[in-house]
Amino acid sequence: KITLKRGLVAAAACFVGYKFIDEKVGPSSRIPKVCIIDLHGTIMSDGGKTASPLGSSNINLISMKKKIDVAFRPPSLKAVILSINSPGGSPVQSDLVSAYIKRKAEAPNVPVSVFVEDMAASGGDWLACTGSEIYAARTSIVGSIGVITMGLGVPELIKKIGVENRTYTSGESKSINNPLDPVKESDVAIIKRNLNEIHQVFIEHVKTNRGEKLADDETIFSGQYWTADSALKLGLIDGIGHADAYIERTWGKEGKDV
């Protein structure tokens, strides 16, 4: 039994070694390869430890970096496809993931294409603009190019139940938008300033990546979202289609989906 086990281990090692060499310099290294990166989930900076409402790990640079590295590693790499299904989330993580993919694509000059599944909304659209071309299914949701913050205020409620608000600060703006305080116009002005600045960065990102493809329509940046037919007319996507059909049409059946 020990001899048989050793023999099986040795055979497996030989197979792994052969496969490694084959993929690096053998026949397999010459097969055109297309790598698909799934960007599915909410964009949040938690290292991918918390499940998103879409049933997969959250999207952020920590959770995606190794996957992105692996996608750009194969020899004979013809393209990288981003499969996006995200309602959005952190603008910072959207920017980090998008920028990292762009940097990885520069050196080997590998084209990046995007296929939207259920949605590429808000931060999901930020990620979609990473690619040089964007496709979506007919009922995909695309857009929501805006920035939002939400919360609740309960100053009247705590009065009714006899709770006293004891918040002390050493800066007049340290307790902005405290839910235990009434709304202050000065707080609203600060929040809107930050939202507008982030929104402007988002707009510049979309305009830089979509360029002249965008229609001359300011509703594109109003926070609205559309299905694929309308998104195509506005220049937010380049066409309607699915990844598998695109791969076969572009590279034939020899194209290897990794």
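Residues numbered from 1 in each chain as written. Predicted model: local features only at pLDDT ≥ 70, side-chain atom pairs only at ≥ 80, totals over all residues. Heavy atoms only, no water.

Q: Can you explain the pairing of strand β3 (residues 112-121)? Please cite residues and give values.
A: Here β3 lies mainly inside the structure; 7 of its 10 residues are buried. Taken together, strand β2 (residues 77-86), helix α3 (residues 91-106) and β3 constitute a β-α-β crossover, and its handedness is right-handed. Bridge analysis of β3 against strand β4 (residues 133-136) gives 4 bridges, and the strand direction is parallel. Paired with V114 across the bridge in β4 is I134. Pairing between β3 and strand β5 (residues 141-143): 3 bridges, direction parallel. (Buried < 20%, exposed > 50% of the residue type's maximum accessible area, 1.4 Å probe, protein only. Helix = DSSP H or I, 4+ residues; strand = E, 2+ residues; numbered from the N terminus. Right-handed = clockwise from strand over helix to strand, strands pointing away. Pairing = 2+ DSSP bridges.)

Q: Give a detailed account of the nonpolar core, specifying residues and quantitative values.
A: With 43 residues, the main nonpolar core has L39, F72, V80, L82 and L236 as its most contacted residues. Grouped together as the second largest cluster of nonpolar side chains are 7 residues, F115, Y135, A243 and Y246 included. (Core = buried A, V, L, I, M, F, W, Y, C linked by side-chain atoms within 4.5 Å.)

Q: I'd like to hear about helix α8 (residues 243-251), residue by residue, with values.
A: For α8, the complete set of buried residues consists of A243, Y246 and I247. An end-on view of α8 places all buried positions within 100 degrees of arc, on one side of the element. Of the exposed residues in α8, those oriented more than 90 degrees away from the buried face are D244 and R249. Of the surrounding secondary structure, the elements contacted by the buried residues of α8 are β1 (33-40), β2, β3 and β4. Following α8 by one or two positions, G252 adopts a phi angle in the positive range, close to 80 degrees. (Arc of directions from axis to C-beta. Contact = heavy atoms within 4.5 Å.)

Q: Mind laying out the packing of helix α2 (residues 61-71) against α3, listing which residues take part and the relevant values?
A: At a closest axis distance of 10 Å, the pairing of α2 and α3 adopts a crossing angle of 15 degrees. By the angle between their axes, α2 is roughly parallel relative to α3. The two elements α2 and α3 cross, and the hand of that crossing is right-handed. Contacts between α2 and α3 involve L61, K65, I68 and D69 from the first element and Q93, L96, V97, Y100, I101 and K104 from the second. Along the lines of polarity and charge, the residues of the contact of α2 with α3 split into 6 nonpolar, 1 polar and 3 charged. (Axes fitted to C-alpha atoms, helices over the stretch in contact; angles between N-to-C directions. Parallel < 35°, antiparallel > 145°, perpendicular 65-115°, else oblique. Left-handed = near helix turned anticlockwise from the far one by under 90°. Nonpolar A, V, L, I, M, F, W, Y, C, P; charged D, E, K, R; others polar.)

Q: Break down α2 for me, citing the residues and quoting the values.
A: Buried within α2 we find L61, S63, M64, I68 and A71. Here the buried residues of α2 occupy an arc of 145 degrees about the axis, which is enough to place them on one side. Of the exposed residues in α2, the ones pointing more than 90 degrees away from its buried face are I62 and K66. Taken together, the buried residues of α2 touch β1, β2 and α3.

Q: Residue-level account of the side chain of S86, with values.
A: If you trace the backbone, S86 turns up in strand β2. On the accessibility criterion, S86 (0% relative accessible area) is buried. Polar side-chain contacts of S86 include one of 2.7 Å to the backbone oxygen of G41. (Polar contact = N/O pair within 3.5 Å; in protein donor to acceptor, adjacent residues only side chain to side chain.)

Q: So, a nonpolar patch on the surface: which residues are in play, and what are the values?
A: A grouping of L157, I161 and V163 is seen on the molecular surface, where their side chains present a nonpolar patch of about 280 Å² in accessible area. Residue position: L157 is located in helix α5 (residues 155-160). (Patch = residues over 30% accessible without salt bridge, like charges linked within 9 Å, V, L, I, M, F, W, Y side chains within 5 Å. Areas by Shrake-Rupley, 256 points an atom, 1.4 Å probe, with all protein chains shown as cover. Salt bridge = Lys/Arg side-chain N within 4 Å of Asp/Glu carboxyl O.)

Q: Kindly report on the packing of aromatic side chains, identifying the contributing residues and their values.
A: Tallied over the entire structure, the rule returns 4 aromatic pairs. Relative to Y135, the ring of F115 has its centre 5.2 Å away and its plane inclined at 20 degrees; by these criteria the two rings are stacked. Of the two residues, F115 is situated in strand β3 and Y135 in strand β4; the sequence distance between them amounts to 20 residues. (Phe/Tyr/Trp six-rings, centres within 6.5 Å; stacked < 30°, edge-to-face > 60°.)

Q: Explain the pattern of salt bridges residue by residue, including any values.
A: A side chain with one charge can pair with a side chain of the opposite charge if their charged atoms come near. All told, the structure shown has 6 salt bridges when counted by the stated rule. R166 serves as the salt-bridge partner of E164, at 3.3 Å between the closest nitrogen and oxygen. One exposure class covers both E164 and R166, and it is exposed. Taking the shortest distance from any N to any O, the salt bridge between D238 and R210 comes out at 2.9 Å.

Q: Requested: an account of the side chain of E133, with residues and values cited.
A: Inspection of the secondary structure assignment puts E133 in strand β4. The buried charged residue E133 lacks any salt bridge, with K213 as its nearest oppositely charged partner at 6.5 Å. A polar contact is formed between the side chain of E133 and the side chain of Y135, at a distance of 3.0 Å. Excluding residues within four positions of it along the chain, E133 makes contact with V112, S113, V114, D238 and Y246. (Lys, Arg positive; Asp, Glu negative; His and termini not counted.)

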